Every structure is written in C-alpha cells, then in structure tokens.
Amino acid sequence: MRKAFLRGVISTLPFTLVIAPFGLLFGVAATEAGFDLAQVMGFTILVLAGASQFSAIHLMSEHASVVLVILTSLAINMRMAMYSAALAPYLGQAKRWQHMLVAYFLIDQTFVTAETEYRSRPNLSIGERLAFYAGCSMILPPLWFLATLLGALVGASIPQEFALDFAVPITFLAMIAPALRSLPHIAAALVSVVVTLLLGFLPAGTGLLVAAVCAMVTGAQVELFVGRIKARRQSA
C-alpha cells in the first residue's frame, strides 16, 4: 500500500506545472469579480472544480440569476458522473466514508491518473487502489487551494505578459493526449470536438453534455466494430 501511495504521488507531479497557474488565475478572477478572501477560499474548498468555478464567477460578475449559475455549474460538472461510473468497478467495494472522500477529491487529473493505473494494474487490491488514489489526492487539491490563496492575495501584481490563462487548455491536453491509445478513443475524441463546436451556440454548457454522450456512443460502437473484425480474423 505504501508503494501504491507513492506511485499516486509521483504520477500526479507533472500536473503541478499547470494546476499552480490555474489556481492563481482563479484567485485573480474571483478577487476581481468582487469576492473577498474568505469567499474565494470558501468557494474553492467547497466546490473543488476549476471549470465550474470559473463559469460561476463569470456568470455572477454579469449578474446572472442564482438558478442559472447553479444549473450551469451542474451541467459542466456532469462529467464527474461519468468519472464516477468509470471508477465504480475498481472502487465499488470501498466503505461508504471512503466513497465520500473519493467523491470529494475527484477532479479531472486524479481521475485520469487513477483510471490509467487501475486499468494497467488490474490485480491491485482494493486497499492498494485506495492508497494510490490517496497519493493522487495528496498533491493536487492542496496545491489548488494554495495557488488560489496566492492568486487572491497577490494575483493583481502578476504581470499580464505571464498569460496565466494558458493553464486551462494545457491542463486538459496533458490529460487527454496520453489516453488516445486506440481507434475507439480517437474516434470518441474527434466526435466530441466536432459536436462541441457545432453545438457551441447552446446555453449553459448543454452542447458539451450532448457531445459527451455522442462521444461515448461513438467510442462504444467503434470498439464493438473492432471487436467483430478481430473475431472474424481469428475464426478465419
């Protein structure tokens, strides 16, 4: 379990290069939107979801209704339900309080790292899987909190030429690129990009949700198609 924990810590270290500026950027954005320090930190600790935090800040700065802010944040965070479904076969045997901790620390980076580990090491015990997940969670969420705090305190003094907003696309590219290992993965990624662009006019991130469903269906169908081809070749 100790080795699994250390692997989790080491596996998430590359993401620190983008999580730090991502958190700084949120601290700056929230402060400029009129939030005081307690509100910024309360927001980031309770929500712990960068994309929805940015969207909520943007909507609130434009005086959107509370209902719209909540619905938009929920729509963006619907991907967490897909993450949970993907991790359920590996962590379903954990205790209820462990499920709660896993759910709280479930972010994009911990999911990608943990799911990759579980898939490549199918013989891990439930204790080793939880230890690995704990290792993933020991670095990134605390760094996100600290970076947000620094952004709220000194973010306004950071020169604009540093362009902290680069962290957002780089973060997701770093997670997605290593996962594109097969034709079903590539097909799902292409469909998600195309559908997202085509439905960009839809409000509150609903186009992204539709794209996610289309991508999952495409990936599943391509995987079945590839499986049938392999079966025919073996039978021949």
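A brief look at the structure comes next. Model, not experiment: these values are computed from the prediction. (Residues numbered from 1 in each chain as written. Predicted model: local features only at pLDDT ≥ 70, side-chain atom pairs only at ≥ 80, totals over all residues. Heavy atoms only, no water.)

1. Focus on the overall build of the chain
Line of reasoning, step 1. What the chain contains, in helices and strands, is 13 helices and 0 strands.
Line of reasoning, step 2. The burial tally for the chain puts 38% of its 236 residues in the buried class.
Line of reasoning, step 3. Expressed as a percentage of contacts within the chain between residues at least 6 apart in sequence, the contacts between residues at least 24 apart total 76%.
Line of reasoning, step 4. Just so you have it, the chain exposes about 13,600 Å², and 71% of that area is on carbon and sulfur atoms. (Helix = DSSP H or I, 4+ residues; strand = E, 2+ residues; numbered from the N terminus. Buried < 20%, exposed > 50% of the residue type's maximum accessible area, 1.4 Å probe, protein only. Contact = heavy atoms within 4.5 Å. Areas by Shrake-Rupley, 256 points an atom, 1.4 Å probe, with all protein chains shown as cover.)

2. A closer look at the pattern of salt bridges
Line of reasoning, step 1. Scanning all chains against the criterion turns up 3 salt bridges.
Line of reasoning, step 2. Ionic pairing is found between arginine 7 and glutamate 117, a salt bridge with its closest N-O pair at 2.9 Å. A residue pair is termed long-range when its members are at least 10 positions apart, and arginine 7 in helix α1 (residues 2–12) and glutamate 117 in helix α8 (residues 108–120) qualify at 110 residues.
Line of reasoning, step 3. Glutamate 117 is the partner of arginine 121 in a salt bridge, and the nearest nitrogen-oxygen pair spans 3.0 Å.
Line of reasoning, step 4. With relative accessibility at 8%, the residue glutamate 117 sits in the buried group. (Salt bridge = Lys/Arg side-chain N within 4 Å of Asp/Glu carboxyl O.)

3. Description of a nonpolar patch on the surface
Line of reasoning, step 1. A surface patch of nonpolar side chains, amounting to about 430 Å² of accessible area, comprises Leu37, Leu146, Leu150, Leu153 and Val154.
Line of reasoning, step 2. Element by element, the count of residues in the nonpolar patch is highest for helix α10 (residues 140–154), at 4 residues. (Patch = residues over 30% accessible without salt bridge, like charges linked within 9 Å, V, L, I, M, F, W, Y side chains within 5 Å.)

4. Thoughts on the side chain of glutamate 117
Line of reasoning, step 1. For glutamate 117, the side chain forms a polar contact with the side chain of arginine 7, separated by 2.9 Å.
Line of reasoning, step 2. Leaving out residues up to four positions away in the same chain, glutamate 117 has contacts with Arg7, Leu124 and Phe132. (Polar contact = N/O pair within 3.5 Å; in protein donor to acceptor, adjacent residues only side chain to side chain.)

5. Details of the packing of aromatic side chains
Line of reasoning, step 1. Taken as a whole and judged by the stated rule, the model has 10 aromatic pairs.
Line of reasoning, step 2. Relative to phenylalanine 54, the ring of phenylalanine 22 lies with its centre 5.4 Å away and its plane at 10°, an arrangement referred to as stacked. Of this pair, phenylalanine 22 sits in helix α2 (residues 16–32) while phenylalanine 54 sits in helix α4 (residues 50–61), and the two are 32 residues apart along the sequence.
Line of reasoning, step 3. Clustering of aromatic rings is evident, with ring pairs tying together Phe22, Phe26, Phe35, Phe43, Phe54 and Trp144. (Phe/Tyr/Trp six-rings, centres within 6.5 Å; stacked < 30°, edge-to-face > 60°.)

6. Concerning the nonpolar core
Line of reasoning, step 1. Counting 19 residues, the largest nonpolar core has Phe26, Ala30, Phe35, Val40, Phe43, Ile57 and Trp144 as the members making the most contacts within it.
Line of reasoning, step 2. When residues of this core are traced back to their parent elements, those giving at least two are α2, α3 (37–47), α4 and α10.
Line of reasoning, step 3. In this structure, valine 40 is in contact with Phe26, Gly27, Ala30, Thr31, Phe35, Thr148 and Ala152, ignoring residues within four places of it in sequence. (Core = buried A, V, L, I, M, F, W, Y, C linked by side-chain atoms within 4.5 Å.)

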